[in-house]
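Topology and contacts: notes
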Amino acid sequence: MKTVSRGRMLKFANLALLILFPIAWAAPLLRAGLLPFFGLDTISVLSGLQTLWQKDIFLAVVVSFLALFAPYLKVIGIALIQFDLASPKLKPALNLLGKLAMADVFLIAIYIVVAKGVGVGRLETGWGLYLFTACVGASFAISHLETKKAPQA
């Protein structure tokens, strides 16, 4: 039986993120409601951004970059390096993009803690929050392992 090399596994995992990130953006991050006896509204990354674009354009641009563009550009950049279509010198910039994407997960966690601390309404985490966090974490791990990979001759 043929074993799959570490490099091929990293390529496959990275390419899987190109599919998983958009799913995570549409998946329910949170279910929120004002009072315990009213229904809960489902909030996803995309629905949250839609609302944000109507309220505060500057913040919407920042959050859109952190939640959508930074992680996706990082995955695409790593894929380009993996398939020898871009220089490995791009890795430091991609690592910065990964850190910015992780900042978005941190902000969501702060919002949850603050909302639960206020205690006015109900807030439940959805499976999309875990998927989104896993995607960002996997992207971070893949880029870390790519950085540690020995240069090929």
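In this text the structure is predicted, and so the values were computed from the model without any measurement.

Observations regarding the overall build of the chain
For the chain, the helix and strand inventory stands at five helices and three strands. Walking the chain from its N terminus toward its C terminus, one meets helices and strands in the order α-β-β-α-α-α-β-α. For the chain, with 153 residues in total, the buried portion stands at 33%. Of the contacts formed within the chain by residues at least 6 apart in sequence, a portion of 67% connects residues at least 24 apart.

A look at helix α1 (residues 6-26)
Between the first and last C-alpha of α1 there are 31 Å, a value that for 21 residues agrees with the 30 Å anticipated at 1.5 Å per step. At Leu18, α1 shows its largest bend, some 35°, and a proline, Pro22, comes one to four positions later. Within α1 the residues assigned to the buried category are Leu10, Asn14, Leu17, Phe21, Ala24 and Trp25. Tucked inside the fold, the buried residues of α1 contact β2 (41-44), α2 (45-55), α3 (57-82) and α5 (127-148).

Regarding the side chain of Gln82
Along the chain, Gln82 falls in helix α3. In terms of polar contacts, Gln82 uses its side chain to reach the side chain of Glu146, at 3.1 Å.

Regarding the pattern of salt bridges
For the structure shown, the criterion picks out one salt bridge. Glu124 is paired through a salt bridge with Arg31; the nearest N and O atoms lie 3.5 Å apart. Separated by 93 residues along the polypeptide, Glu124 in strand β3 (residues 122-125) and Arg31 in strand β1 (residues 28-33) bring together distant segments of the chain.

What about the sheet that holds β3?
Two orientations exist for strands paired in a sheet by backbone hydrogen bonds: parallel and antiparallel. With antiparallel pairing, three strands are arranged side by side in an open sheet as β2-β1-β3. Strand pairing shows two members of the sheet lacking a second neighbour, β2 and β3, which therefore form its edges. Between one strand axis and the next, the sheet turns by 25° as a mean value, whatever way the strands run. In terms of strand pairing, β1 meets β2 through four bridges, oriented antiparallel. Looking at the pairing, Pro28 lines up with Ser44 of β2. Contacts from α2 reach β1 and β2, with the element oriented near 90° to β2.

Notes on unusual backbone geometry
With a phi angle near 55°, Asp84 is a residue other than glycine that sits in the positive phi range. Within the secondary structure, Asp84 sits in the loop between α3 and α4 (91-118).

Regarding the nonpolar core
As a rule of thumb, soluble globular proteins bury nonpolar side chains together. Counting residues in each nonpolar core, the largest one holds 29 residues, and the members touching the most others are Leu17, Phe21, Trp25, Leu29, Val45 and Phe132. Those elements that place two or more of their residues in this core are α1, β1, α2, α3, α4 and α5. Top contributing element to this core by residue count: α3, with eight residues.

A word on the side chain of Lys74
With respect to the element layout, Lys74 can be found in helix α3. Within the buried set, Lys74 has no salt-bridge partner at all; the shortest N-O distance to an opposite charge, 11 Å, is to Glu146. Polar contacts involving the side chain of Lys74 include one to the side chain of Ser143, which spans 3.0 Å. Those residues in contact with Lys74, other than ones at most four positions away along the chain, are Leu94, Leu97, Gly98, Ser139, Phe140 and Ser143.

Some thoughts on the packing of α3 against α5
Between α3 and α5, the shortest axis-to-axis distance is 11 Å and the interhelical angle comes to 35°. Along this stretch, α3 crosses α5, giving a crossing that reads as left-handed. Here α3 contributes Ala67, Lys74, Val75, Ile78 and Gln82 to the contact with α5, which in turn contributes Phe132, Ser139, Phe140, Ile142, Ser143 and Glu146. Residues belonging to the contact of α3 with α5 are distributed by class as follows: six nonpolar, three polar and two charged.

Rules used throughout
- Residues numbered from 1 in each chain as written.
- Predicted model: local features only at pLDDT ≥ 70, side-chain atom pairs only at ≥ 80, totals over all residues.
- Heavy atoms only, no water.
- Helix = DSSP H or I, 4+ residues; strand = E, 2+ residues; numbered from the N terminus.
- Buried < 20%, exposed > 50% of the residue type's maximum accessible area, 1.4 Å probe, protein only.
- Contact = heavy atoms within 4.5 Å.
- Expected span 1.5 Å × (residues − 1).
- Bend = angle between axes of the 7 residues up to and from the residue.
- Polar contact = N/O pair within 3.5 Å; in protein donor to acceptor, adjacent residues only side chain to side chain.
- Salt bridge = Lys/Arg side-chain N within 4 Å of Asp/Glu carboxyl O.
- Pairing = 2+ DSSP bridges.
- Axes fitted to C-alpha atoms, helices over the stretch in contact; angles between N-to-C directions.
- Core = buried A, V, L, I, M, F, W, Y, C linked by side-chain atoms within 4.5 Å.
- Lys, Arg positive; Asp, Glu negative; His and termini not counted.
- Left-handed = near helix turned anticlockwise from the far one by under 90°.
- Nonpolar A, V, L, I, M, F, W, Y, C, P; charged D, E, K, R; others polar.

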